[in-house]
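Topology and contacts: notes
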Amino acid sequence: MITTLLLLVFTTSVVIGKEQSSTMFSSNIDVSDNCKTAVQRLTALQATQPQLLAHYWDSWGKPSDSILTGHTTFLGYYDECINLKNTELGDMSYCLYAMAMDMNIIQSTSESPDGVCHTSDCPTQVNTSTKFNVRVGVCYPSACSASEFALVLSKMNITNIISMTTDPFSGTTNSVNIKVHSVSDSPAFCPVTDVEYDTGAVAVIVVCVVLVGLVVLGTTLDVVLWQFSSPKVAPDVVEESEKLLPGKDNSKETQGNLKSAVVPDMKTKIERPTVKELLLAFSLYNTIPSLLMRQRPSALKALGAMKIFSNFVIVTLHLFYINGALFPGTFHNSYLLDYVKRFELQPIVNVTFSVDCFFVVSATLSSYLTLKDMEKFKKFRFVYFYLNRFFRLSPMFYLFTLIAYKLSARFGQGPLWYSLDAETCVNSWWYNVLYITNIKKILDICILVTWHVAVEMQLFLFSPVFILLLYRSELVGLIAVGAAMIGATAAVGYAAATNGYRAAILYNPDVLQQISYLHCQTFYRINSYLTGIVLGYILYKKYNLANLPIAKWLKQSMYMLLWMVAIVLCTVTVLAPYFEYSFAYHYSNFENTVILMFSGLAWSIGIAIIIYICNTGYGGMVNSFLSWPGWEPLVKLTYGVALCHEMVIFFIVGTLQSGLKYTDTVFAMLLVFTMVLSYSVSAVAAICVELPISKIVSLCFKLAGIEARSK
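So, here's what we can say about the structure. (Residues numbered from 1 in each chain as written. Predicted model: local features only at pLDDT ≥ 70, side-chain atom pairs only at ≥ 80, totals over all residues. Heavy atoms only, no water.)

Our next topic: the packing of aromatic side chains. Tallied over the entire structure, the rule returns 30 aromatic pairs. Centroid distance Y585 to Y587: 5.4 Å. Interplanar angle 70°. Geometry classified as edge-to-face. Here Y585 falls in the partly exposed class, since its relative accessible area comes to 41%. On the basis of relative accessibility, which here comes to 11%, the residue Y587 falls in the buried class. Put simply, the rings of F380, F382, F385, Y386 and F460 pair up and form one aromatic cluster. The ring centre of Y197 lies 5.0 Å from the NZ or CZ of R410, which sits over that ring. Note that K440 overlies the ring of Y431, its terminal NZ or CZ placed 4.6 Å from the centroid. (Phe/Tyr/Trp six-rings, centres within 6.5 Å; stacked < 30°, edge-to-face > 60°. Buried < 20%, exposed > 50% of the residue type's maximum accessible area, 1.4 Å probe, protein only. Lys NZ or Arg CZ within 6 Å of the ring centre and 35° of its normal.)

This part covers the packing of helix 17 (residues 382-406) against helix 19 (residues 451-472). Interaxial distance between helix 17 and helix 19 falls to 12 Å at its minimum, and their mutual angle equals 170°. With respect to each other, helix 17 and helix 19 are oriented roughly antiparallel. The way helix 17 lies across helix 19 gives a crossing that is right-handed. Here helix 17 contributes F382, F385, Y386, R389, F390, L393 and F397 to the contact with helix 19, which in turn contributes V453, E456, M457, F460, L461, S463, P464 and L468. Looking at the contact of helix 17 with helix 19 residue by residue, the class counts come to 12 nonpolar, one polar and two charged. (Axes fitted to C-alpha atoms, helices over the stretch in contact; angles between N-to-C directions. Helix = DSSP H or I, 4+ residues; strand = E, 2+ residues; numbered from the N terminus. Parallel < 35°, antiparallel > 145°, perpendicular 65-115°, else oblique. Left-handed = near helix turned anticlockwise from the far one by under 90°. Contact = heavy atoms within 4.5 Å. Nonpolar A, V, L, I, M, F, W, Y, C, P; charged D, E, K, R; others polar.)

Turning next to the environment of A546. Looking at where A546 falls in the secondary structure, it is placed in the loop between helix 22 (522-541) and helix 23 (552-575). Residues A546 and G617, spaced 71 residues apart in sequence, show a C-alpha to C-alpha distance of 8.4 Å. Ignoring sequence-local partners within four residues, the contact set of A546 consists of K555, Y559 and Y618.

Moving on to the state of the cysteines. In the structure shown here, the tally under the stated rule is four disulfides. Note on cysteine connectivity: C35 is disulfide-linked to C144, with sulfurs 2.0 Å apart. The chirality of the disulfide connecting C35 with C144 is right-handed, given an S-S dihedral of about 95°. Taken together, the residues span a long stretch of sequence, with C35 in helix 3 (residues 33-43) and C144 in the loop between strand 3 (124-141) and helix 7 (146-154) at a distance of 109 residues. Exposure remark for C35: the relative accessible area of 0% places this residue in the buried category. The disulfide that involves C425 links it to C446, with 1.8 Å between the sulfurs. Judged by the sign of its S-S torsion, about 80°, the bond between C425 and C446 is right-handed. Of this pair, C425 sits in helix 18 (residues 420-434) while C446 is found in the loop between helix 18 and helix 19, placing the two residues 21 residues apart along the sequence. For C425, a relative accessible area of 0% puts it in the buried group. (Disulfide = S-S within 2.5 Å.)

The following block contains the structure:
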């Protein structure tokens, strides 16, 4: 009885009339004989195995709630469809098909000639009719191609009665009836399944296995050959060392005796052959402490935490955007549409400023450390400057590019399993190798979220011009920086005005064009990077308002004014698009152009002021928070998170079995899982690739007689 009830329910969702099913292939439907046989075998199950047919219909997506508020993708049950291969139906496939549907509210009354409502004589009246487009998950025999089954769907009478209510007093019945009136010629989306391991995929797997093997081998050698054979301290040395404890004799004579007793012996025993050093670079005893120890220059504070928070904002926005833009209608778009209108979420919605923060921090570090290096060596070391940067960024970048290209499509499966990178990397992987990915349209980039790595490398290549000018002549350097900023601002204004770009970027009908040809372009980020270069120079020169020969209260007032300027600049730039997102105001083309021209620079100056204040002793609790040593391990993982979080998001979304109805709580849970998984992947990559190769590069520099720059 239950089987009969299930069959009755599901055949109301997809009805194929008897005459229609028997004559379906008598008309001109261009499908193969195998497809025809498979579908006819499927329709014959109604008489032979109704329970199996019920499972088949059950796997289809069906219209449900929230259609009119953006929930227009109905996934069905992917696993139930695929698992039908274990039955007599054989292999089954799954695709999302675009369908045009009518929603009719039909009213029926009990008025009839004999006072009794019969099916044939009950008058009906259609009160409302709404048309909309949806995507429906459809299970079909693998003997048919996706385009062939689209032709089969076009001949089906697909109807769904989603609700029916009867007024007990008047006898009036209202039913909501949804009927498909057209199906697209080809599927809107088919998940990637059963991807074969070609030579390239096997090669990438071998590389990953070798890296993990080196970690295991290096750690084993470190334990066996070094950790367990560390020099033993002689009893007389122990006695001397105890004298350095509190309450003991800590005289210079005693310290000298201890130094002569311990240091020469230690130096003799810790020297390792070069081959052993290369292997021990992969040892967990070296990489994990390097990950956890604080190594950032002590003169620069607050930078690490800013990178962490900026990374968090970027991942949040990408989670929102990838779900809403690449999987439309799956996650109840009403929540996503309201998301951009919420006042408290504007820092996330306007994520472009978080990317500017990255550029300010990166340029500040580069400028400051390069100037310190020039002070030490009395020259600009071009070879070290460029090679050190290349080997800092490239190993992780290239490894994730290979993984995205050859392995990402094999990570999982589901109704939305889709590896954008596996498709885009085929033709654009070499853009990653050359660091020019930002010249392509955003959805054509191999690892689409890594355009900023290319922009940063391009800006880094030209940064010595400004650093050298500032070092040689402060006035000439500042003039050059100012001229470059004016040129970049003018270029942004021209692009914005001629293309109609908007400050509220998500309200631009062609948002991908604006992202691709404005926000991802080097000229749009020049101002942020140059602001960081100037800030690094100021911190190097130790320009401090506290050293001015003025009254203390006046110094405090000047720092208070700087705090106010920074807060105003950052707040105004973040909230400027909000007035349009909230429909309170519609910016003209001129207003949009002005906002886009100066918002990035204003935000960068605000961030630079905060960094400056924290590094000159007036940061207070803000500096204590931003400079907390506990941030350091996460800071070292931000680069890896920036590279891998897109693949993590695709993995999480692609393996979902059904769409989510977003609330703040659901989105927060999904975000936390995304962040944890991204940082975990980044930690593994850092331990296996980034930190060992960094150590090996340092050894190579040492062998080549190139001294590392001062910290």
